[in-house]
Structure formats: structure tokens, C-alpha cells
There are 4 protein chains.
Amino acid sequence: MEPLLDTPATRPDLYISVIGAGRCTAAQYALAEQVGRLVAGLGAVLVCGGLSGVMAAAARGAKEAGGRTLGILPGHDRSEANTYIDVVVTTGMGHARNLAVVSSGDAVIAVGGEYGTLSEIGLAAKIGRPLVLLDGWRLQRDAGTEGIWYADTAEEAVALARRALRLSGA
Amino acid sequence: MEPLLDTPATRPDLYISVIGAGRCTAAQYALAEQVGRLVAGLGAVLVCGGLSGVMAAAARGAKEAGGRTLGILPGHDRSEANTYIDVVVTTGMGHARNLAVVSSGDAVIAVGGEYGTLSEIGLAAKIGRPLVLLDGWRLQRDAGTEGIWYADTAEEAVALARRALRLSGA
Amino acid sequence: MEPLLDTPATRPDLYISVIGAGRCTAAQYALAEQVGRLVAGLGAVLVCGGLSGVMAAAARGAKEAGGRTLGILPGHDRSEANTYIDVVVTTGMGHARNLAVVSSGDAVIAVGGEYGTLSEIGLAAKIGRPLVLLDGWRLQRDAGTEGIWYADTAEEAVALARRALRLSGA
Amino acid sequence: MEPLLDTPATRPDLYISVIGAGRCTAAQYALAEQVGRLVAGLGAVLVCGGLSGVMAAAARGAKEAGGRTLGILPGHDRSEANTYIDVVVTTGMGHARNLAVVSSGDAVIAVGGEYGTLSEIGLAAKIGRPLVLLDGWRLQRDAGTEGIWYADTAEEAVALARRALRLSGA
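Residues numbered from 1 in each chain as written. Chains lettered and ligands numbered in written order. Predicted model: local features only at pLDDT ≥ 70, side-chain atom pairs only at ≥ 80, totals over all residues. Heavy atoms only, no water.

1. Details of helix α1 (residues 26-41) of chain D
Residues and elements named next belong to chain D.
Reasoning step 1: The end-to-end C-alpha distance of α1, which contains 16 residues, comes to 23 Å, matching closely the 22 Å that a straight helix rising 1.5 Å per residue would cover.
Reasoning step 2: Those residues of α1 that fall on the buried side of the exposure criterion are Gln28, Leu31, Ala32, Glu33, Val35, Gly36, Val39 and Ala40.
Reasoning step 3: Contact partners of the buried residues in α1: β1 (15-19), β2 (45-48), α2 (54-64), β5 (107-111), β6 (131-134) and α5 (154-164). (Helix = DSSP H or I, 4+ residues; strand = E, 2+ residues; numbered from the N terminus. Expected span 1.5 Å × (residues − 1). Buried < 20%, exposed > 50% of the residue type's maximum accessible area, 1.4 Å probe, protein only. Contact = heavy atoms within 4.5 Å.)

Following this line, the structure appears as C-alpha cells:
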């Protein structure tokens, strides 16, 4: 695909954050990898927390599809990023970095997830990022309420994100 | 130049943060632009706070030289980034984002600067990032003390950063 | 009650964070006020986000019971704190301050709550603070799992927090 | 002295942050202790980073004078606070907590200091907190410029802070 950073012309105008736990099931890994491939297919930058599990799977999928990845780490050490991250940000702020992970995406897709992911779901909804939940947390809210949707497949998750962002072709 | 984000093979292994004020003199703008060109010449990702003044000048210089830029913003709105930023991170943490700006660089070069820059200088030194000060703040420390150097030109600043990082050819 | 801050002898050894939305129902306000009274009855410092709604109700209840309150604000302006806050911290970090709100409590009690509260629930569980959910979010986890309990009354919520902290008499 | 937290009537309306390094000379320790005593004498809450060195000395001085102290820690563990801190906030944000330390004071007094202190000086000036520098960093600015003053004694430092805040009797 076209290089991201050679000229301002290639400046990306779409970022999608994929959030999930550093440890996940094989099924969640496969799901996150597929989400990553589809996000790359949109030409979006895949944003994640940069570590293992769902974060690595989504970034791996994006790279497999020729996509671009951005990882935002809790610590100061870039080497903690998984090998599928192109651009690494180290924050040194611990879990406070979760706010930057969701803020940097135009939409957020959660795959499975534990409590760190739950905090990111809350922050994403609080700051008004469209949010799709896949195979994990379900809130006591109807689908679509306050910009939160539920998906059963990676394809549905990315389609819902596209629609929420009113992307052409969505 | 080689695209940054097409394949893991192009993952950058060098980041240099350039810090400075959102408002600066024409001389500082020219200086920061030259620093940006030279940083790009090293093949490094230029990291900055993503806003105007020195941040825009350094990013502009890096793009003129075919380089790659990363901007880390204080707010939640990506559109606040200057037009020379390739990859934008929004943190929503206000000035607390200064820690991520300096942490994300292997070395830090300050051009001029006001108080936000001074806070970044302190944070960079605190977390042990080699730091070069150019045309601005001078601390009551001898050059080289605790990894802080003073430069009079953009060329000298980047050369000092290269040497501090023990880059081949430096 | 004994003054908090006259001598090191009065240094509090128990803090409980009460989290909830800046806007709430009258029933939630009454519930949070009662939680605040009971937290004060334990001799604990009541920690909250310092703003209105549940945060003000809990602090008001604590003051009615002769308790002590600590408010941690998102902005830089102390005057944004509700009038029931004794000690005000301004962070200037926006929603990133949520981490400090839950970290500063030995246990966390959530009353009702919207998405900011959900982010605090996730962060509290992530860092291992015992967590009691009252009249609001219910997670897909059994009661007691990973230190999360559900309560139906203010009395039950505070009793569960006491037990989780193994306080004498609990 | 009057208890801080018994009733809203005792809500403090003056906070002064004292910043400095976790390791300091005996002379700086004595200076910070005297600053703490004088801050307590103003009826102000002494705010600091909660750790050792200058932070402990200032808090100790404030307690010796019957004052009140607030410590804002970088980690999640309250026990890291020095024994002179009355109210402890744990942030879990590492050096990003420096912003909350200076933001929470109406004025800021720096005693000696290393690079963490320099970052706090920059942040305090950036957000417009009156700032007095004592026995440490000196900036290339004239005294009084942008609300920054230099003092040679603890008495002068506190007097300058009082004047900057236009306190009665100052």
C-alpha cells in the first residue's frame, strides 16, 4: 500500500483503536487478528495499547493486510511494544495511558477484555468515541445507545464502526 | 525514502523528540526547521508536541527532508495537530502529555522554549533521556553533566544527540 | 470527631473512594449521601472526584456525620469542588484523574454511575482495589469474583467494603 | 490549631506547594523545614510530592508548627508517603503526577531541587502559579518576570509568596 509517512499527502485521516487484554483466548486472538485485517482494509491506522494478547493480535492482523499500527505503552521502554507495532509512543503514566489509547481513535472496537479494557470502554464512551463491543463486555444499555454497539463477528464490528463514522461505502 | 509503516522491517528504531514553544521567533523557527531536516537525515522519527511554533517548524523540516513525524497533543481533537504531523496521538491530559513527548524520544533536542519546554527539559533529564539545549534554556550545570549538552547550531545539536546515542558514524 | 490534621497521630489509615456521576437521580443522591455517612462512621476519609451529583452527595453525607473528605478534580480550578470537600486536589489531567480517585481509596464504592464511573470501576479492579457496586453497573462476573461485590443498600455496600478490607468488627 | 476537616467552616482556602528533590543536603533539609513552618503559620495547607528529602522536610516543618499537609505520590502505595503527610493521594501516574503537585497550590516554593523539581517549576510557570525559587534553580529571567521570584531565605520565600497572592498583611 501507499507509504504512510513520506509526504503530507499520505497523512492518515482515519484511526481506529482496538482494545483488549494482554492475555486472551485463542479464539479472541483470532478475532482480534481479523479485526486488525479489516481495519487495515479501511486504510485506517490501527491504534492499540502496544502490548501482548489482543493488542498484538490486532496489530499483527493489520500488518498482515499491509496496514499501519500505532502502539501507546504504559511505561518508558519502547522495547515492551509487540513486534507488530510500527510507531511506538511511551507515556510513563501507567494505566492513565488508557485515555490516550481510546482518544487517538475515531472509533473504538473492544475484543473480549478484562478490567483495563473496561476502563477504556468507559473512557471511550465518556469522550464520545463510537464504540463496538465484540465477544466480551456487555453493558446494561441497548445497542446504539450513546454510540455503543454489540457485534458477533469481526466483520460486523468493523461494519458498525464504519457506519458510526459515516464512512463512504458504509 | 523507505515507507515507515508498510512492513515490520521498516519499523523505526530511532526517535528524536524536538521540544519548543508554540510561539517562537523567526530565527527559532528556522533553527527548528533545520533540526527537523537533520533529524530526518538520520532516519529518525521526529517526535513533538504536535502544535505550532517550534513544533510545527521541526515537523516541517523533517517532512521537507523526506522524514517521518509523530505529534502528541494535549487535547482530544486530532485537527489541532499542525499539517506536518504524520501520526497524531491525542491524550486529553493537558500538560501531563509532556511526559509522553520526551519519553517517546531516544534523545531530546530543545529549541528556545518557554515554560512548557522547561517542564519537558526537567522530565527528559529525570527519566534519563540525553538532552541537547539549543538557543534557549541554560541550566546551572556543566555541559555533559547528567547527559545534558548545549549547542550553538542545529548541526551541533544533532551531532551531540548522535554522539550521546552512540550512533554509527557519530 | 478528632481533628484529622493536627498531629501525625491523627493521620488517617483508612480511605474509601465513592464514585458516581455528576448528574444523578434523587434516589441515587440519597443513597450516596447515606454511603458517605457510613464511610465517615468508619473513621475513613471519603475520597471522590470532587464535583456534583453523587460526588457531592457522598461528601455531604460524610460531613453530616462529622467525617473528612478529599476531592480530586479534573481541572486546575479549586473552586470547581463541591462545598462538602475539605481537601481539594487539582490535577489538570481531565479524565486521567480517574486513576487517582480510585487509587487513593483502600476500597471503592460505586453508586449508580455513567461512563466516567465505568472507567473508574475498570481501573479500580485493574489495580486490585476491592469494589462494591450499588444501584448501577453490573458486570458479567459473579459477586466476589476478583474482589467485586454487588450491594442493594448503602449499609450493605459499606459492610461489604469493611469485610473486603478485613476491618475489625466487620 | 483549628481542625481542618471537622466542618465545612474549616475548609482551607490557601494551599502552598513546596517542591524539591527526594535527596537533599542538610542545609536544604533545614531550609525546607523552615519553609514548612512558615507555610503552616499562614494557615495554609502544605502540598508536596509526599516522598523524602525536601518533601519530608517541608511536611515535617509544617507539622511542627501545627500545620496541615497533603502529599501527592507517583505510585499506588500510600505507605510510600513520608510520616509527616496527613492526607495522601496516590496517582499511579509516575512523574505525570508533578502537574497535580503544582496545580494544587495557590503558589509554589522550590527548595534546591533536581530535574523532577525543574519539571515542576516549568509546569507551575506554565499554568500561572506564582513561583519562588530558593537555593536552587535560577532561570534566565529577571525576578518577578512572569510571576517568578528568587529568595535567599525561607522567610523571604514565604513573604514573596504571600505578596504574590496578595494575602492580607503581606
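Once you've had a look at it, read on.
2. Concerning the relation of the copies chain D and chain C
What connects the two chain copies is a rotation about an axis and a shift along it.
Reasoning step 1: Rotating chain D by 180 degrees about the axis while translating it 0.0 Å along that axis superimposes it on chain C, leaving an RMSD of 0.0 Å. Put plainly, the chains are arranged around a two-fold axis.
Reasoning step 2: Looking at the interface residues of chain D, 100% of them are also at the interface in chain C, so both copies use one shared face. (Least-squares fit on C-alpha atoms with pLDDT ≥ 70 in both.)

3. Overview of the relation of the copies chain C and chain B
Reasoning step 1: For the match of chain C to chain B, the screw axis carries a shift of 0.0 Å, the RMSD comes to 0.0 Å, and the turn is 180 degrees.
Reasoning step 2: Counting the interface residues of chain C, we find that 100% of their copies in chain B are interface residues as well, pointing to one common contact surface.

4. Examining the interface of chain C and chain B
Reasoning step 1: Of the residues lining the interface, 4 residues belong to chain C; the matching set on chain B comes to 4 residues.
Reasoning step 2: Between chain C and chain B, roughly 260 Å² of surface is buried when both sides are summed, and carbon and sulfur atoms account for 61% of that area.
Reasoning step 3: Between the two partners, chain C and chain B, sit 0 salt bridges.
Reasoning step 4: Applying the counting criterion to the chain C and chain B interface returns 0 residue pairs in polar contact (both at pLDDT 80 or more).
Reasoning step 5: Broken down by class, the residue content of the side of chain C that touches chain B amounts to 2 nonpolar, 2 polar and no charged. (Buried area = accessible area lost by both parts, 1.4 Å probe. Salt bridge = Lys/Arg side-chain N within 4 Å of Asp/Glu carboxyl O. Polar contact = N/O pair within 3.5 Å; in protein donor to acceptor, adjacent residues only side chain to side chain. Nonpolar A, V, L, I, M, F, W, Y, C, P; charged D, E, K, R; others polar.)

5. Details of unusual backbone geometry
All names here are of chain B.
Reasoning step 1: Although it is not a glycine, Asp135 adopts a positive phi angle of roughly 50 degrees.
Reasoning step 2: Assignment of secondary structure puts Asp135 in the loop between β6 (131-134) and β7 (148-151).
Reasoning step 3: We classify Asp135 as partly exposed; its relative accessible area is 43%.

6. A short note on the pairing of strand β1 (residues 15-19) of chain A
All names here are of chain A.
Reasoning step 1: By the criterion of burial, β1 is predominantly enclosed, with 5 of the 5 residues buried.
Reasoning step 2: Across the two faces of β1 the burial is the same, with Tyr15, Ser17 and Ile19 and Ile16 and Val18 all buried.
Reasoning step 3: Strand direction decides the pairing type here: β1 and strand β2 (residues 45-48), joined by 3 bridges, are parallel. Across the sheet, the residue bridging to Ile16 is Leu46, located in β2.
Reasoning step 4: In this fold, β1 hands off to helix α1 (residues 26-41), which returns the chain to β2; that crossover is right-handed.
Reasoning step 5: When β1 meets strand β5 (residues 107-111), the two strands line up parallel, connected through 4 bridges. (Pairing = 2+ DSSP bridges. Right-handed = clockwise from strand over helix to strand, strands pointing away.)

7. Describing the packing of helix α1 (residues 26-41) of chain C against helix α2 (residues 54-64) of chain C
Residue and element names in this part refer to chain C.
Reasoning step 1: Remark: α1 packs on α2, axes separated minimally by 6 Å, with the N-to-C direction vectors making an angle of 40 degrees. As summarised for this structure, α1 and α2 are arranged oblique, according to the angle between their axes. You can see that α1 and α2 cross each other, and the crossing is right-handed. Between α1 and α2, the contacting residues are Tyr29, Ala32, Glu33, Gly36, Arg37 and Ala40 on the first element and Val54, Ala56, Ala57, Ala58, Arg60, Gly61, Ala62 and Glu64 on the second.
Reasoning step 2: A breakdown of the residues in the contact of α1 with α2 according to their chemical character gives 8 nonpolar, 2 polar and 4 charged. (Axes fitted to C-alpha atoms, helices over the stretch in contact; angles between N-to-C directions. Parallel < 35°, antiparallel > 145°, perpendicular 65-115°, else oblique. Left-handed = near helix turned anticlockwise from the far one by under 90°.)

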